[in-house]
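Listed below are the residues making up each chain.
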Amino acid sequence: MTLQNNLDGKSYLSFRRELDKRGIVFSYSGYLNEDILTGIGNALRTKLEIDQTDQKISRGVFSAFVEQVQNVIRYSAETAVHSDIEGHQENADDPAKSSILPFGLLAIGEHSNGQHFVTCCNMIHSSDTAKLKEQLESIRGLDRKELGALMRNQLRNGPPEGSKGAGVGFISIAREANGNWNYDIVENAEENLDFFCFEANF
Amino acid sequence: MDNIDISPTARTPSLKLNLDTYEFVLEGESYPEDTTKFYTQPIGQVIAFLGTKQDKPITCKFKLKYFNSSSAKVIMDLFTAMEESAASGNSVKIEWHYVADDDNMQELGEEFSEELSLANFELIPV
């Protein structure tokens with residue numbers, strides 16, 4: 001009897017250990033949809049309860065998770081689409097069954113200093129990078145109160161052009177994380193695509 | 001106009017408009033897959049109700065455990081409609097219920113209430 005595939009358990013174990021070393025408790029890399037958000041969200045809440053995580057931290061982590069995953073679903077520039085679906089339309093009746101699958105990376109865990117983190121990464125079109133940077137730099141350094149006022153202002157005046165939500169996702173995360181957030185963009189990760197990472201800390 | 005009675009799901013709140021008691025209640029979790037699809041029809045009806053002269057006081061109760069930023073837009077639209085309703089002569093009271101140790105939800109209520117001057121607003125820790 002010959003072994004068809006050389007499955008190397010050790011390589012997966014070292015992959016797992018690498019995640020552990022980074023403090024990552026939940027990780028997902030792949031195509032995302034709203035059903036995955038629901039499922040991971042439920043498990044995340046349960047894990048935070050089991051760990052008896054402080055309620056304020058738990059609420060912040062969950063909220064940042066929802067906003068960030070919804071951002072990936074809406075804005076990831078890397079998507080899988082059925083080649084036979086004309087126009088590659090999103091399923092308007094049920095986004096969970098949308099024929100477009102966006103790719104993203106999610107990592108939730110605890111840094112060695114005990115701080116919780118929620119990180120999401122996805123490809124963005126290089127042509128959108130400058131605008132995104134400008135948007136994020138405009139809220140850098142703002143405190144909770146200032147972010148709250150900005151959020152209300154934005155909600156009152158309606159979403160900015162190109163937004164698929166209320167246009168306040170990042171402001172809302174920044175507010176809840178008390179300004180403890182950061183981002184990084186790796187330019188030219190792929191042709192015409194940059195790799196965008198956003199992290200919120202609690 | 002009919003009463004609205006939408007049952008909650010894991011990601012959407014219970015949404016009720018009672019035309020006998022003049023009470024609107026939004027309760028539970030709000031991070032729908034598609035915010036527009038969930039809210040447009042019922043909230044349109046609630047805003048129409050608020051925009052009509054009513055002969056009894058209107059009470060709007062928010063009892064949300066969590067809402068995402070797309071839902072925050074819906075809440076802002078409701079607060080605007082409630083303030084306009086009060087401005088047009090209706091008696092409008094808004095109750096913002098929150099879990100007593102949830103400072104964030106309390107703050108959000110306080111912040112949204114800054115949109116109001118004529119409608120009554122009450123924070124209710126539970």
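Structural data are supplied above this passage.
Everything numeric here is computed off the predicted structure, so don't read it as measured data.

Draft legend 1. Examining the overall build of chain A more closely. Secondary structure summary: chain A contains six helices and six strands in total. Seen in sequence order, chain A has helices and strands lined up from the N terminus as α-β-α-α-β-β-β-α-α-α-β-β. Residues classed as buried in chain A amount to 32% of the 202 residues present. For chain A, the proportion of contacts with a sequence separation of at least 24, taken over those separated by at least 6, is 65%.

Draft legend 2. Molecular detail of the nonpolar core. Val61(A), Phe65(A), Val69(A), Ile75(B), Leu78(B) and Met82(B) are the most contacted members of the largest nonpolar core, which has 69 residues in total. Not counting residues within four places of it along the chain, the set of residues in contact with Leu78(B) comprises Ile43(B) and Val46(B).

Draft legend 3. Region of interest: the packing of helix H5 (residues 144–157) of chain A against helix H6 (residues 169–176) of chain A. All names here are of chain A. Running from N to C, H5 and H6 cross one another at 155°; their axes reach a closest spacing of 9 Å. When the axis of H5 is compared with that of H6, the two are roughly antiparallel. Judged by the sense of rotation from one axis to the other, the crossing of H5 with H6 is left-handed. Contact residues: Arg144, Leu147, Gly148, Leu150, Met151 and Gln154 in H5; Ile171, Ser172, Ala174 and Arg175 in H6. Among the residues forming the contact of H5 with H6, the class breakdown is five nonpolar, three polar and two charged.

Draft legend 4. Spatial organisation of the interface of chain A and chain B. If you look at the interface, chain A gives 22 residues, while chain B gives 18 residues. Broken down by secondary-structure element, the contributors of at least two residues to the side of chain A that touches chain B are helix H2 (34–50), helix H3 (55–75), H5 and H6 of chain A. Top contributing element to the side of chain A that touches chain B by residue count: H3(A), with eight residues. In terms of residue class, the side of chain A that touches chain B is made up of seven nonpolar, eight polar and seven charged.

Calculation rules
Residues numbered from 1 in each chain as written. Chains lettered and ligands numbered in written order. Predicted model: local features only at pLDDT ≥ 70, side-chain atom pairs only at ≥ 80, totals over all residues. Helix = DSSP H or I, 4+ residues; strand = E, 2+ residues; numbered from the N terminus. Buried ≥ 20, exposed ≤ 12 C-beta atoms within 10 Å, placed from the backbone. Contact = placed C-beta atoms within 7 Å. Core = buried A, V, L, I, M, F, W, Y, C linked by C-beta atoms within 7 Å. Axes fitted to C-alpha atoms, helices over the stretch in contact; angles between N-to-C directions. Parallel < 35°, antiparallel > 145°, perpendicular 65-115°, else oblique. Left-handed = near helix turned anticlockwise from the far one by under 90°. Nonpolar A, V, L, I, M, F, W, Y, C, P; charged D, E, K, R; others polar.

Any functional reading would require information that these geometric values do not contain.
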